[in-house]
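# Descriptive analysis of the structure
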Amino acid sequence: MTTPSSPPMSSAASVISIETPLDQVEGLRPAAVRMLAKEGLTTVGSLVLHFPARHEDRRRMDFKGFGPSETPVCHHVRVLKTRVLRFGQRGGVFETVVEAAESNPLHQQLTLRWFGMVYLQKVLAVDMELMVYGKIKEIKDRLLMDHPEYEILRGDDDDDEAGIHASRIVPVYRLRGGLKQKPLRRTTWQVMEHLPAVALPDILPRPKAGGDFAGMTRATALRTLHHPEGFDELTKSQRYLALEEFYLMQLRAVRRKLQFKHHGGTAQRAEGRLLTAFLETLPFQMTGAQSRSLEEILADMALPQPMNRLLHGDVGSGKTVVALAAMLMAVEAGRQGHSWPPPRSSRSSTMKTPAAGWSPSASAWRCAQRTRCWIPSLKRQKPTYWGAHASSVP
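Definitions and limits used
Residues numbered from 1 in each chain as written. Predicted model: local features only at pLDDT ≥ 70, side-chain atom pairs only at ≥ 80, totals over all residues. Heavy atoms only, no water. Helix = DSSP H or I, 4+ residues; strand = E, 2+ residues; numbered from the N terminus. Contact = heavy atoms within 4.5 Å. Areas by Shrake-Rupley, 256 points an atom, 1.4 Å probe, with all protein chains shown as cover. pLDDT = per-residue confidence, 0-100. Phe/Tyr/Trp six-rings, centres within 6.5 Å; stacked < 30°, edge-to-face > 60°. Buried < 20%, exposed > 50% of the residue type's maximum accessible area, 1.4 Å probe, protein only. Salt bridge = Lys/Arg side-chain N within 4 Å of Asp/Glu carboxyl O. Pairing = 2+ DSSP bridges. Axes fitted to C-alpha atoms, helices over the stretch in contact; angles between N-to-C directions. Parallel < 35°, antiparallel > 145°, perpendicular 65-115°, else oblique. Left-handed = near helix turned anticlockwise from the far one by under 90°. Nonpolar A, V, L, I, M, F, W, Y, C, P; charged D, E, K, R; others polar. Expected span 1.5 Å × (residues − 1). Arc of directions from axis to C-beta. Polar contact = N/O pair within 3.5 Å; in protein donor to acceptor, adjacent residues only side chain to side chain.

Along its length, the protein chain carries twelve helices and eleven strands. Taking contacts inside the protein chain between residues at least 6 apart in sequence as the whole, the part at least 24 apart equals 67%. When the accessible surface of the protein chain is totalled, it reaches about 22,800 Å², and 52% of it is carbon and sulfur.

What follows is the structure in structure tokens.
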């Protein structure tokens, strides 16, 4: 299969990188570069990483007839006639009647409709060949396709580049703003043709020989994604790039974790007299899971770094007493403990103190109140505020 080649480039200009601005890449059409710049695609890297939304197999478009479909379908058609139906002074519908561009012995016709887009009468004309993509429905014996995605294959200024846009597996990109499919695809083709493999270094470790991605590199995957030769290679490249994205997400998570770890915090260390007194007044023994959770929380509080821990459990499993015990350790260390009530209760929308008597766990509060009354050292500490579900130590 032959494809059009990009314009020749000088040896100095042929060495481009992902940081190279598109307006400095020789051979690109200035109008296309300006169009891409308006949508933020200003460098080679931004264009290469603008991935296709899907791919269409245009190597052999066998026409099997138009028919209603629940999923979008792709057809190569020829425009037979166009018309505009006006509704009032501003509203209107642009209609185009098309037939299959290839073999169509029954001369079956399909009507394309665009509501409120009458300006298309200046874009689409009779005898143009289009590639349309959309859902077909049948209304009153008429086969209709409303607001299809379309691409002019023949009949415009790019007929000499049909090898890029037809007779192959073609990438279809998401369009935004003033982007158009053919200039975007042509520019990407030209850039990928002249971008050396060293400009796209691997991010993933080298794949194992004999593995699913044996011999695959980032440069190969990106070239295949934009201009695939077959669907097997395309699927392999998509999986490789998906793995690369997950790998980068993990690296970012590890980096944020390290940054958080070295951010610095205040260690909450104390002798634990308040905690010991509180646990002794409980009318029950804490379960093994409660004790283990409390030990892990206290260990985190003693470190000079922010704690990032979620205490999870079913209703009535004993989360309240564990949280209150941790808050008492913070209070003894000279800090304050705060807890927020559940938002569903407007009555509990303000913070309460243990002395106020409000508690989702009455037994824990009674113990806390008794502890506060008969331990003199607690009276000299900063107050502890209590609610439910969320606790913090400033």
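Structure shown, so let's carry the discussion forward.
Moving on: the confidence of the model for the protein chain. Residues at a pLDDT of 70 or more form 80% of the protein chain, whose mean pLDDT is 80. Within the protein chain, the element-level pLDDT minimum falls on helix H12 (residues 376–379), averaging 40, and the maximum on helix H6 (residues 218–226), averaging 95. Long-range and interchain partners of residues 6–13, a stretch whose pLDDT sits below 50, account for 13 contacts in this model, where long-range means more than four residues apart.

A few words now on the packing of aromatic side chains. What the rule picks out here adds up to four aromatic pairs. Relative to Tyr240, the ring of Phe213 lies with its centre 5.7 Å away and its plane at 70°, an arrangement referred to as edge-to-face. Note that Phe213 is positioned in the loop between helix H5 (181–194) and H6 and Tyr240 in helix H7 (residues 231–261), a separation of 27 residues in sequence. Considered together, Phe213 and Tyr240 belong to a single accessibility category, that of buried residues.

A separate point is the pattern of salt bridges. Evaluation of the coordinates by the stated rule reveals 18 salt bridges. Between Arg54 and Glu149 there is a salt bridge; the shortest N-O distance is 3.1 Å. Of the two residues, Arg54 is situated in strand S1 (residues 52–57) and Glu149 in strand S8 (residues 149–154); the sequence distance between them amounts to 95 residues. By sharing partners, the salt bridges in this structure join Arg54, Glu56, Arg58, Glu149, Glu151 and Arg185 into a single network.

Turning our eyes to something else, we now look at the sheet that holds strand S3 (residues 91–100). Spatially, S6-S7-S4-S3-S2-S5-S8 is the arrangement adopted by the seven strands of the open sheet, whose pairing is mixed. Here the strands that pair on one side only, and so sit at the sheet edges, are strand S6 (137–139) and S8. If you compare each strand with its neighbour and ignore which way they point, the axes differ by 45° on average. When strand S2 (residues 73–87) meets S3, the two strands line up antiparallel, connected through ten bridges. Bridging from a neighbouring strand, Val77 pairs with Ala100 of S3.

Take the packing of H6 against H7 next. Where H6 contacts H7, the axes come no closer than 9 Å and their chain directions differ by 125°. By the angle class used here, H6 and H7 are oblique. Relative to H7, H6 is oriented so that their crossing is left-handed. Contacts between H6 and H7 involve Arg218, Thr220, Ala221, Leu222, Thr224 and Leu225 from the former and Glu233, Leu234, Ser237, Gln238, Tyr240, Leu241 and Glu244 from the latter. Grouping the amino acids of the contact of H6 with H7 by side-chain chemistry returns six nonpolar, four polar and three charged.

What follows is about the pairing of strand S9 (residues 169–173). Most of S9 sits inside the fold, with five of its five residues counted as buried. Side-chain alternation along S9 places Ile169, Pro171 and Tyr173 on one buried face and Val170 and Val172 on a second face that is also buried.

Within an α-helix, residues lying three or four positions from one another point in the same direction, as the helix has 3.6 residues per turn. Its 14 residues give helix H9 (residues 288–301) an end-to-end C-alpha distance of 20 Å, which sits within 8% of 20 Å, the value for a rise of 1.5 Å per residue. Inspection of H9 places Gln290, Leu294, Ile297, Leu298, Asp300 and Met301 among the buried residues, and these make up the whole buried set. Buried residues of H9, seen end-on, are gathered within an arc of 155° and therefore sit on one face of the element.

This part is about the side chain of Arg54. Given the relative accessible area of 18%, Arg54 is considered buried. Reaching out from Arg54, the side chain makes a polar contact with the side chain of Glu56 at a distance of 2.8 Å. At 3.1 Å, the side chain of Arg54 and the side chain of Glu149 are in polar contact. Leaving out residues up to four positions away in the same chain, Arg54 has contacts with Tyr133, Glu149, Val170, Pro171 and Val172.

This next bit is on the environment of Gln305. Examined against the element boundaries, Gln305 turns out to sit in the loop between H9 and helix H10 (319–332). Remark: the alpha-carbon pair of Gln305 and Ala267, spanning 38 residues in sequence, is separated by 7.1 Å. Setting aside residues no more than four positions away along its own chain, Gln305 makes contact with Lys261, Gly264, Gly265 and Asp300.

Judged from the three bridges that link them, strand S4 (residues 109–115) and strand S7 (residues 142–146) form a sheet pairing that is parallel. The residue of S7 that forms the bridge with Leu112 is Met145. When S6 meets S7, the two strands line up antiparallel, connected through three bridges. Bridge pairing in S7 places Glu138 opposite Leu143. Counting the residues that bridge the hairpin from S6 to S7 gives two residues, and of these Lys140 lies at a positive phi of roughly 50°.

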